[in-house]
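Inside the fold
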Number of protein chains: 2
Amino acid sequence: MNFVFDFDFHHAKAPRDMRDLLGGKGANLAEMTSVLKLPVPPGFTISTQACREYMHSGWIPQFDLEIDAALGRLEDKMKKRIGDPTNPLLVSVRSGAKFSMPGMMDTVLNLGLNDISVGGLHDQTQDERFAYDSYRRFIQMYGRIVLGVKGEVFDDLFDAAKDLASARSDSQVPTVLLSYLVNSYKEIVLRYVGAAFPQDPKEQLRGAIEAVFRSWNGERAIAYRQREGIPDDLGTAVNVQTMVFGNRDDNSGTGVGFTRNPSTGEALAYGDFLVNAQGEDVVAGVRNTEPLSAIAQRFPVIDKELREIFGRLERHYRDMCDTEFTIEQGKLWMLQTRVGKRTGLAALKMAVDMTNEPDIGLSREEAVLRITSEHLDQVLHPQFTTTEVEVIARGLGASPGAAVGKAYFSSEDVIAATQRGERAILVRKETSPEDVSGMLAAEGIVTSRGGLVSHAAVVARGWGKPAIVGVDSIHIIGRSFVANGFSVVEGDEISLNGTTGEVILGAVEVSVSEPSFEFEMILGWADDIRKGKVAVRTNADTAQDAANARKFGAEGIGLCRTEHMFLAEDRLPIVRRMILAETEADEADALEELRIAQRIDFREILLAMDTLPVTVRLLDPPLHEFLPDTEFLAIKEASIGLTEEEGRLYKAARAWREVNPMLGTRGVRLGVMKPGLYSMQVRALIEAARDLADNGFHPNVEIMIPLTVARAELELARSWVEDAISSEGDFGDVAISIGTMIETPRAAICANEIAQVAEFFSFGTNDLTQMTFGFSRDDVEGKMMATYIDQGLLPSNPFKSLDGDGVGELVRIGIAKGRQGRPSLKVGICGEHGGDPASIDILVDAGVDYVSCSPFRVPIARLAAAQAVLRHGVSDK
Amino acid sequence: MNFVFDFDFHHAKAPRDMRDLLGGKGANLAEMTSVLKLPVPPGFTISTQACREYMHSGWIPQFDLEIDAALGRLEDKMKKRIGDPTNPLLVSVRSGAKFSMPGMMDTVLNLGLNDISVGGLHDQTQDERFAYDSYRRFIQMYGRIVLGVKGEVFDDLFDAAKDLASARSDSQVPTVLLSYLVNSYKEIVLRYVGAAFPQDPKEQLRGAIEAVFRSWNGERAIAYRQREGIPDDLGTAVNVQTMVFGNRDDNSGTGVGFTRNPSTGEALAYGDFLVNAQGEDVVAGVRNTEPLSAIAQRFPVIDKELREIFGRLERHYRDMCDTEFTIEQGKLWMLQTRVGKRTGLAALKMAVDMTNEPDIGLSREEAVLRITSEHLDQVLHPQFTTTEVEVIARGLGASPGAAVGKAYFSSEDVIAATQRGERAILVRKETSPEDVSGMLAAEGIVTSRGGLVSHAAVVARGWGKPAIVGVDSIHIIGRSFVANGFSVVEGDEISLNGTTGEVILGAVEVSVSEPSFEFEMILGWADDIRKGKVAVRTNADTAQDAANARKFGAEGIGLCRTEHMFLAEDRLPIVRRMILAETEADEADALEELRIAQRIDFREILLAMDTLPVTVRLLDPPLHEFLPDTEFLAIKEASIGLTEEEGRLYKAARAWREVNPMLGTRGVRLGVMKPGLYSMQVRALIEAARDLADNGFHPNVEIMIPLTVARAELELARSWVEDAISSEGDFGDVAISIGTMIETPRAAICANEIAQVAEFFSFGTNDLTQMTFGFSRDDVEGKMMATYIDQGLLPSNPFKSLDGDGVGELVRIGIAKGRQGRPSLKVGICGEHGGDPASIDILVDAGVDYVSCSPFRVPIARLAAAQAVLRHGVSDK
């Protein structure tokens, strides 16, 4: 007895905990049968181990031995024999993997019917029509799923029979035509398969089991697993279960029941029910279902039994359950149960409610662990109310939520439209700082180029505004675009799902929910769990972002990028003057102007975050980012010529142009090549802090050097910072520390050395991912990344979800070596991964002191950090 | 007694092994005194520990105590007192660090003279002129070195005295004027220093010792240490030694003697000698020296004594020694000895000879360890015969050796010039495949742009042709260039030192030596040492390179780049057709043509390396490298317009253009995006191998996938290779293995996974360095790298010498994890570092099975690998 387990097999531990072996469905069927003693049609499970064995070695004789034995026991239990001419046993064969893969794998019903046993079913049920309809359905299902005959050839013939009988519904097809259909279906099988439809029920059973095994590696299943990150080598279990028929008569029926309302979380049973129907009929929606409450009128005894069962399930699973059940001639059978999916709203309400219900007695920790980031996303962002939408293109979901509006193709047009009172979507190839006012006015943003750290993506996320970037299939032509054959012109309504990256034709209805009482409650509990262990900060470059993030619960700024301060319309000309400066005096003048401007920015940000730490990263991007595009100027020079000013900019842009700017003169290297720059920034920052301190505030400043590769480099940068600080003299109650980004692999590997001159590390996991993989986001995140993920070369986009094996290992090495170099080292992370729950889990486990993410991800990070603390048993710092 | 040691102090171990504490000079003085009992003027050494203490805490009282005591012992021994009015002791004070830093630190002679003791010296020597000249020299030397007075003010006054006396040489200045000079020198000191010249000999001594200590941190010394990689914290020792005078009379003299000829290695004493002179006079070259053999005539007894000492030194040091000696009134004094520097030719000859001399009895291992890569370089490449050259610019020494010729600025002009019989140097901003014929015709190549892996650098190294790249200071204007104020026009003669990166004005004489008998002998011994432990392969892309490398001893090809096969003039149009193909059929046609062309290339290479392994790397560079420059075409389009063909190329070039091509769609990623490409290459390779096997040859093929980041990716690439192999059917005796480059940090970190599907690894340390540091060579290797090294932020250019702490650690991790994943994994390295001895040392220690380098570096790699095997005790594989 290795591969096959009866539902009532006595396992050494609770079956519900054996999903690895029995699959989810099998585990719950065994739990209901052997632990809860619920009325479950008997059957057995062929384990996932058998599937793995099959994938490796094909069908082995032991399968036959064990399945025969299990079938014999089932026959004895049911007092029916499979294929019996008078009292046949019929079974269903269903897949059931460890993780639910809805609709991805196959099911065969009514197995055991053949030319002889169909008469036995007639005898048993005294219903000839039912017997032939069941056989007809079985051949069709088995033909399609096990034998690979296209479904349409059966459907076409059935439609012909309906026409012949002038039947308006399937149930009006007369028995005699059903028996003809049985014969012609068998002929179809013979013709398409080249062999007769198998009459031996054991051959049928083996065929169905093999089909389920094979369906694990079906295209749909593989694609689904890739999307959901389910490993390919788990395999699926197969459940063979005695058939019960909800479509026997009007004393029968079938339904899907939730123990509470999965939309609202209300503690009332909820579901759909159909009299005289099979499960398929409920799901297919061919007849209008009745609400679950209808059972009370029609089957009062069963209603009571069902509610009692729901109660037991909830108490047993300590959660809301989703069930399938069938009533066969007045008897209730439970066919399936599992912990049910739910909306964000419902998840929050249930989690909080269940902590107050003594029967369930959920702990706060358990309640926190039950909430997913998707649940919070739903509550935080507008959502579409329907999934029936016309998706015309897909891109990278860069900023979550739903947005609807008319398409406009320039920032000016968006502003004009919103001033007319319209809702507008900004559609651009890519965005630049000049588009910022249009982006602010728009409901959402789509770009045909760019990755998850493109300008559009970063800005939109900062504002919590839905955005989709890198939509390759969109071709913008003037004031219109085409995408996969659809055409959208200016003013046409489109909708964006910033969570999934779908661009949708037309206006889809959107719902907005206010964060509920339970939302605050759960996040409060999450905070209690992680406080003193992992902090959550935000990435914010402006006072507004900082204030916003603080509202969302941010405990400081983990990354304040100063380059955005350089790109503002009134700053860029000064920055360019600094770059173009031909004398030291000119350069000093420009730096002085920038210092005064930055001082104001810093003051506002420090004020917004007063008392909380603010990590300011000194200038990071290569200087050519502040200069115009060389190709544009080259063309202009060759055609209409350049002004003198443009000529100078062109020369500078060429001088600073780099072959691989990502690996060029940026970060601290820029500081080394332009020594006045960092001093200027530090002085502006210190002056702002001192000014606040003088006015009774408590600024808490962390100065961060980007792109360090070596200890000596950080030592030098540190000396500039310290010189600038000491040149500002005494300034009382200002907390200042100096640290570095760890974003090159070398910095992680040499972290022990670097930590000796750094008070804190902040892992820049974006760049660390770029360098560890050798992936330029700008270049690989579109088509190449999609191909890599489609082909299973990478489990997921490592820029969205941290690569635990590679980049994660460097983070672990960096933290371990860093703390070896300086035990008191504070360690954070400020890449995009700081807002991704799976990444947060890896990072918290690796030992970070805080994560930092965009303002709108702060609640999700608070939750995810708490969950990681619970999962990994992180201790107080 | 902690800081000061008399030369005859009884140390616990041999003084020569105490260079850490005593410095090189001090250790050898003690060795000569206490072990060899040679006639060394007595004295004592103030240890490097004292210098370190001084740098940390300044002068401490214990120094005075110990120095006073040592001085007292010296006075007793010499029976003279320092500063004595009748019989004064004079001493020299010389620096002596662990590593020789010639001319970098300071020396004071004749210390102990003052207004009183100068009379004592007169009494002692009965030579008033000598006494005042010595005092005059002492004030001048002490004034300059210890007190910081500029040397010119003394020199100017001395010149005035010479004019006054109408003296033609220093020795003609009369005594009376020397006594005036003493007075005026003291006045100079008073005026410039603000204090009188110190009369107290102990004050003089302390001043001189402190000056030596301080000179350790002088600018010249720091710069020298940076260049030579000597740690800054070692400090220097100070040697205080009784003065002896070779300039006493004609029965005195001084010389520099080598125990054998340092130029040729001939086993005959060699050196320079001057009668009646001080050491400075020999070095300064103010008088013509006589050969050492002159001593035999003049001082036959001393000649015998000296030769006997030379013999003892050689037997004792078991090596050629370099000595300084002085004869004072017929008595020989040894002032210094050390193991002498030598030319490559001499090094080889001495190493081999000494294994045959029973007195010295060098083992072969010791002989191998005595040869440096510079020695071999000198023997392998033409060298300048003089160092007196006019360096007009410096760049990166990309390919070693000396070249002389007339400057030409285009490939055509170089070819025309060589056809006229001229020697030509090609001077270009950068080179491209179109320049190849001109490069081949030129004696050497200079480019103003590019790094050590630029086209010019890689091609020149492959041919062993001298090249200098990235000479920033050269500005090419038409058919001339200017550099640091010098101007060179077409046809002007220039010389290149490809070893040092110096561009020299005019034609410098060059010597070429044929590898000697000893060269072959030493390399043979080196091979015996490393065989079975570390192999040496070559990077070769053509049959000619392969044949060349085999001559130099390469044991296979570690890297055959296939992209060079794509860039040939007849191939590029086909490659472009493949890229531009609009249908699959067009693409397949182009690939087919390439396959036939590549098959020929592969056949030639495999034939040239028959029986030895040939590692073929499938196509690596991004496709846009095969397309024209977009900016060029953009300008052309905007001005005179594009042809239809150009228009298509422009479109393709734009489509394939990348922001960071280094981190873009290249290597295996290209294979994933263009699946037919790798199959084509593998088929061409397999067909070539089969063809050879069919003709009785023994091709040994290793197929290498570049830029792998994940196991699944290599699995996929492997499947293409295996499919292509199996589609070729059976082909008998062809050895084929499949492996991957490890050149992304992730591949190193995840090597255990990757090794499970790779039979071999080859570390691509160029790219690994780029990604580990985040350094794009194209962008950082010029000005930025120079600044980083100048400022001490990096110890050296990590592209030239492997970064042991960062990149080296990743290599160690990669090898350890790789062998964990597959114990039989073969590991090599094929970056530029494979030809650099320091890098080879790190890599052999890390456990590589082979290193691979350019053909002309193979002998150096053979030697360096053997040395690393000896140093690290590598065991058989």
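Residues numbered from 1 in each chain as written. Chains lettered and ligands numbered in written order. Predicted model: local features only at pLDDT ≥ 70, side-chain atom pairs only at ≥ 80, totals over all residues. Heavy atoms only, no water.

Description of the overall build of chain A
How we decide: In this description a helix means any DSSP run of H or I spanning at least four residues, a strand means any run of E spanning at least two, and both kinds are numbered starting from the N terminus. Whether a residue is buried, partly exposed or exposed follows from its accessible area with a 1.4 Å probe, protein chains only, as a fraction of its type maximum: under 20%, in between, or over 50%, in that order. We call two residues in contact whenever any of their non-hydrogen atoms come within 4.5 Å of each other. Residue burial considers only the protein chains on display, and all accessible areas are found by Shrake-Rupley using a 1.4 Å probe. Asp and Glu are treated as the negative residues and Lys and Arg as the positive ones, with His and the ends of the chain left uncounted. For charged residues, the charge sits on one atom: NZ in Lys, CZ in Arg, CG in Asp, CD in Glu.
A count of helices and strands for chain A gives 36 helices and 33 strands. Reported as C-alpha extents along the three principal axes, the dimensions of chain A are approximately 105 × 60 × 55 Å. Across the 877 residues in chain A, those meeting the buried criterion constitute 58%. Counting contacts in chain A only where the partners sit at least 6 residues apart, residues at least 24 apart contribute 68% of the total. Summed over all atoms, the accessible surface of chain A reaches about 34200 Å², with 49% contributed by carbon and sulfur. Positive and negative side-chain charges in chain A, numbering 93 and 127 respectively, have mean positions lying 3 Å apart.

Digging into the interface of chain A and chain B
The figure often quoted for interface size is the accessible area lost as the parts come together. Operational definition: Buried area: the accessible area, evaluated with a 1.4 Å probe, that two parts lose upon being put together, summed over both parts. Any Lys or Arg side-chain nitrogen located within 4 Å of an Asp or Glu carboxyl oxygen qualifies as a salt bridge.
In this complex, chain A contributes 56 residues to the contact, which on the side of chain B involves 56 residues. Between chain A and chain B, the buried area comes to about 4400 Å², and carbon and sulfur atoms account for 62% of it. Taken together, the connections running from chain A to chain B amount to 6 salt bridges. Residue B:R746 is joined to A:D803 by a salt bridge in which the shortest nitrogen-to-oxygen separation is 2.6 Å. With 5 residues, the single largest contributor to the side of chain A that touches chain B is helix α24 (residues 630-638) of chain A.

Quick word on the UniProt feature "binding site: Mg(2+)" (unreviewed entry) in chain A
Residue and element names in this part refer to chain A. We count it as follows: UniProt positions are given in the numbering used here, feature names are shortened, and annotations may be inferred rather than shown by experiment. Contacts described as polar in this section are N or O atom pairs within 3.5 Å, which, within protein, must combine one atom able to donate a hydrogen with one able to accept it, while residues neighboring in sequence count only if both atoms come from side chains.
Taken from the UniProt record, the annotation "binding site: Mg(2+)" (unreviewed entry) applies to E743 and D767. Sequence-wise these annotated residues cover 25 residues; spatially they are packed, their C-alpha atoms never more than 5.5 Å apart. Take E743: it is sitting in the loop between β30 (735-742) and α29 (745-749). In contact with E743, not counting residues within four places along its chain, are D620, R666, P706, L707, G764, D767, L768 and M771. A polar side-chain atom of E743 sits 2.7 Å from the main-chain amide nitrogen of L707. Relative accessible area serves as the criterion here: at 9%, D767 is assigned to the buried category. Not counting residues within four places of it along the chain, the set of residues in contact with D767 comprises M662, R666, L707 and E743.

As for helix α25 (residues 644-656) of chain A
What counts is decided by this rule: The span one expects for a helix is its residue count, reduced by one, times 1.5 Å.
Its 13 residues give α25(A) an end-to-end C-alpha distance of 19 Å, which sits within 8% of 18 Å, the value for a rise of 1.5 Å per residue. For α25(A), every residue scored as buried is listed here: A:E646, A:L649, A:Y650, A:A652 and A:A653. The inward-facing, buried residues of α25(A) contact α22 (572-580) and α24 of chain A together with α24 (630-639) of chain B.

Section: the sheet that holds strand β21 (residues 480-483) of chain A
Residue and element names in this part refer to chain A. Counted only if it meets this: Paired strands, in this sense, are two strands between which DSSP finds at least two bridges. Here an axis means a line fitted to C-alpha atoms, over the contact stretch when the element is a helix, while the angle between two N-to-C directions is reported on a 0 to 180 degree scale.
The strand order across the open sheet built from 3 strands is β20-β21-β22, with neighbouring strands paired in antiparallel fashion. Each edge of the sheet is formed by a strand with only one pairing partner; in this case those strands are β20 (474-477) and β22 (486-489). Each neighbouring strand pair of the sheet contributes to a mean axis angle of 20 degrees, computed without reference to strand direction. With 4 bridges joining them, β21 and β22 adopt antiparallel strand pairing. Note on β22: the bridge partner recorded for F481 is V488.

What to know about the domain arrangement of chain A
Basically, it comes down to this: Each domain's limits were defined by an automated method or a database of domain assignments.
Along its sequence, chain A is organised into domain 1 (244-342), domain 2 (383-511) and domain 3 (531-622 + 658-872). Domain 1 of chain A and domain 3 of chain A are separated by 54 Å when their C-alpha centres are compared.

Details of the relation of the copies chain A and chain B
Here is the rule we go by: The atoms used to superpose the copies are C-alpha atoms, taken from residues with pLDDT of at least 70 in both, and the fit is least squares.
Placing chain A over chain B gives an RMSD of 0.4 Å and needs a rotation angle of 179 degrees, together with 0.1 Å of translation along the axis. Taken together, the rotation and translation describe the operation of a two-fold axis. No C-alpha of chain A approaches the rotation axis more nearly than that of A:N660, which lies at 2.0 Å. Looking at the interface residues of chain A, 100% of them are also at the interface in chain B, so both copies use one shared face.

Describing the packing of helix α34 (residues 807-821) of chain A against helix α35 (residues 837-846) of chain A
Residue and element names in this part refer to chain A. As a reminder of what qualifies: Angles below 35 degrees are treated as roughly parallel, those above 145 as roughly antiparallel, those between 65 and 115 as roughly perpendicular, and all remaining angles as oblique. For any pair of crossing helices, the crossing counts as left-handed if the nearer helix is rotated counterclockwise from the farther one by less than a right angle, and right-handed if it is rotated clockwise. The residue classification treats Ala, Val, Leu, Ile, Met, Phe, Trp, Tyr, Cys and Pro as nonpolar and Asp, Glu, Lys and Arg as charged. All others, Gly included, are polar.
Between α34 and α35, the shortest axis-to-axis distance is 9 Å and the interhelical angle comes to 25 degrees. On the basis of the axis angle, α34 is roughly parallel to α35. Relative to α35, α34 is oriented so that their crossing is right-handed. Every residue of α35 that contacts α34 at V811, R812 and I815 is listed here: I842, L843 and A846. Taken together, the residues of the contact of α34 with α35 sort by class into 5 nonpolar, no polar and 1 charged.

Some details on α22(A)
Residues A:L572, A:I574, A:V575, A:M578, A:I579 and A:L580 constitute the buried set of α22(A). Check the buried side of α22(A) and you find it contacts α21 (563-567), α23 (584-608), α25 and α27 (675-694) of chain A.

Some remarks on the pattern of salt bridges
All told, the structure shown has 127 salt bridges over all chains when counted by the stated rule. In this structure, the salt-bridge partner of A:E715 is A:R711, at a minimum N-O distance of 3.4 Å. Pair noted here: A:E715 and A:R711 are both in helix α28 (residues 711-727), with a separation of 4 residues, about one helical turn. Exposure remark for A:R711: the relative accessible area of 26% places this residue in the partly exposed category. Note that B:R595 and B:E592 form a salt bridge whose closest N and O atoms lie 2.4 Å from each other.

Here's the deal with the packing of aromatic side chains
The description of an aromatic ring pair rests on the distance of the ring centres and on the angle between the ring planes. Residues and elements named next belong to chain B. Condition: When two rings of Phe, Tyr or Trp (its six-membered ring) have centres within 6.5 Å they constitute a pair, described as stacked for plane angles under 30 degrees, edge-to-face for angles over 60, and tilted for the intermediate range.
Summed over the entire model, instances satisfying the criterion amount to 42 aromatic pairs over all chains. The interplanar angle of 85 degrees and the centroid separation of 5.6 Å between the aromatic rings of F138 and F197 together place this pair among those described as edge-to-face. In this pair, F138 sits in helix α5 (residues 128-145) while F197 sits in the loop between α7 (175-193) and α8 (201-215), placing the two residues 59 residues apart along the sequence. One exposure class covers both F138 and F197, and it is buried. On the numbers, 5.1 Å between centres and 55 degrees between planes, the contact of F552 with F856 is tilted. Here F856 lies in the loop between β33 (850-853) and α36 (858-872) and F552 lies in the loop between α20 (543-551) and β27 (557-561), a separation of 304 residues in the sequence.

Points about the pairing of strand β29 (residues 700-705) of chain B
All names here are of chain B. Most of β29 sits out of view: 5 of its 6 residues are buried. Examined bridge by bridge, strand β28 (residues 613-617) and β29 share 5 bridges and lie parallel to one another. Among the inter-strand pairings, P613 is bridged to a residue of β29, identified as N700.

Some details on the state of the cysteines
Chemically, a disulfide is nothing more than a covalent bond linking the sulfur atoms of two cysteines. All names here are of chain B. Quick note on the threshold: By disulfide we mean two sulfur atoms from cysteines, separated by a distance within 2.5 Å.
Enumeration according to the criterion identifies 0 disulfides over all chains in this entry. Note on C560: no disulfide assigned, nearest cysteine sulfur contributed by C830 at a separation of 11 Å. For C560, a relative accessible area of 0% corresponds to the buried category. Looking at the unpaired C853, the closest cysteine sulfur is the one in C830, lying at 11 Å.

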